Amino acid sequence: MKLLVGLVTAFLTTNLSAQTQSASPVPIQVMVLGTYHFGNPGLDLHNMKVDSVLTPTKQTELADVASRLAKFNPKKIAVEALSDRLDFATKKFDSFTPETLTKDPDERVQIAFRLAHQLGQKSVYGIDEQSDTIDYFPFDKVETYAKRHEKTAMFNRMQEDVEKMVKETEAAQKTNRFGRCWPT
């Protein structure tokens, strides 16, 4: 089985392999794809200034990316999103039409939904875990630790490195095509 997992971590492969019930399990191939937030909701610590992916040029490039990803031929596509159904499918895909691509810049829509539609799949799965008891992003605790242990300079350098990567990506998006990193 082949799966395309967008915007999530690779630990999914272990869980999926464990679900195989045959005596000699067929290897599961998983592709993990990560992107910046195309719609940039401004919710990250470091937010990029992004060009619109709704332009005809970017739409052509994204169609090319989807065509290249289709060669992997995933049987299921999962995205970083809370599941709103017991089968983990996301309801948002149910209302997807190609016209959605001209209105919704969300990277899940632009890549995963586009690809699932192209492949004739009936569902896209939401695989995000949320918890009221686990702190998944304890940034304030890391910052406090750095201050207490005289690591503020190192902590600040790390933030500067991230900001530099953000700026480089902002510049690259203006000159690089989305599909340039994909094999032909």
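Structure first, text after, so check above.
Computed from a predicted model, the values in this text were never measured in an experiment.

Peer 1: Sorry, what's going on with the pattern of salt bridges here?
Peer 2: Think of it this way: side chains of opposite charge can pair up when their charged atoms draw near. If you walk through the whole model with that rule in mind, you get nine salt bridges. With a closest N to O distance of 3.8 Å, Glu-61 and Lys-58 form a salt bridge. With Glu-61 and Lys-58 both in helix α2 (residues 56–70) and three residues apart, the pair spans about one turn of that helix. Lys-58 gets classed as buried once you look at its relative accessible area, which sits at 11%. The partner of Asp-94 in a salt bridge is Arg-85, with the nearest N and O atoms 2.5 Å apart. The exposure class assigned to Asp-94 is partly exposed, which follows from its relative accessible area of 47%. For Arg-85, a relative accessible area of 27% translates into the label partly exposed. Residues joined by salt bridges that share partners form a network here, namely Arg-85, Asp-87 and Asp-94.

Peer 1: What is the right way to look at the nonpolar core in this model?
Peer 2: Most often, soluble globular proteins keep nonpolar side chains buried together rather than apart. Core analysis: the largest hydrophobic core is formed by 25 residues, its most contacted members being Leu-69, Phe-113 and Val-124. Looking at this core, the elements that each hand over two or more residues are β2 (29–33), α2, β3 (76–79) and α4 (107–118). Element by element, the count of residues in this core is highest for α4, at six residues.

Peer 1: How should helix α6 (residues 152–175) be read in this particular structure?
Peer 2: Count 3.6 residues to each turn of an α-helix, and residues three or four apart come out pointing the same way. Over its 24 residues, α6 extends 35 Å from the first C-alpha to the last, a length consistent with the 34 Å expected when each residue adds 1.5 Å. Among the residues of α6, Phe-155, Gln-159, Val-166, Glu-170 and Gln-173 are the ones counted as buried. Check the buried side of α6 and you find it contacts α2 and α5 (139–148).

Peer 1: Sorry, what's going on with the environment of Asp-84 here?
Peer 2: As for its position among the elements, Asp-84 is in the loop between β3 and α3 (91–94). Residue classification places Asp-84 among the partly exposed positions, given a relative accessible area of 38%. Counting along the chain gives 42 residues from Asp-84 to Gly-126, while the straight-line C-alpha distance between them is 7.8 Å. If near-sequence neighbours (up to four positions away) are discounted, Asp-84 is found in contact with Ala-89, Thr-90 and Lys-91.

Peer 1: Would you take a moment to explain the side chain of Asp-104 for this structure?
Peer 2: Assignment of secondary structure puts Asp-104 in the loop between α3 and α4. A distance of 3.1 Å separates polar atoms of two side chains, one belonging to Asp-104 and the other to Lys-92. Setting aside anything within four residues of it in sequence, one finds Asp-104 in contact with Leu-54, Lys-92, Val-109 and Gln-110.

Peer 1: Help me understand unusual backbone geometry, please; the structure alone is not making it clear to me.
Peer 2: For residues that are not glycine, phi is negative in most cases, and the peptide bond is trans in most cases. Positive phi is not limited to glycine here, since Asn-40 has a value of about 35°. Its place among the elements puts Asn-40 in the loop between β2 and α2. Residue Asn-40 is classed as partly exposed on the basis of its relative accessible area of 22%. Located in the positive-phi region is Asn-73, a residue other than glycine, with phi close to 55°. Following the sequence through the fold, Asn-73 ends up in the loop between α2 and β3. Taking the relative accessible area as the measure of exposure, Asn-73 reaches 36% and is therefore partly exposed.

Cut-offs and rules
Residues numbered from 1 in each chain as written. Predicted model: local features only at pLDDT ≥ 70, side-chain atom pairs only at ≥ 80, totals over all residues. Heavy atoms only, no water. Salt bridge = Lys/Arg side-chain N within 4 Å of Asp/Glu carboxyl O. Helix = DSSP H or I, 4+ residues; strand = E, 2+ residues; numbered from the N terminus. Buried < 20%, exposed > 50% of the residue type's maximum accessible area, 1.4 Å probe, protein only. Core = buried A, V, L, I, M, F, W, Y, C linked by side-chain atoms within 4.5 Å. Expected span 1.5 Å × (residues − 1). Contact = heavy atoms within 4.5 Å. Polar contact = N/O pair within 3.5 Å; in protein donor to acceptor, adjacent residues only side chain to side chain.

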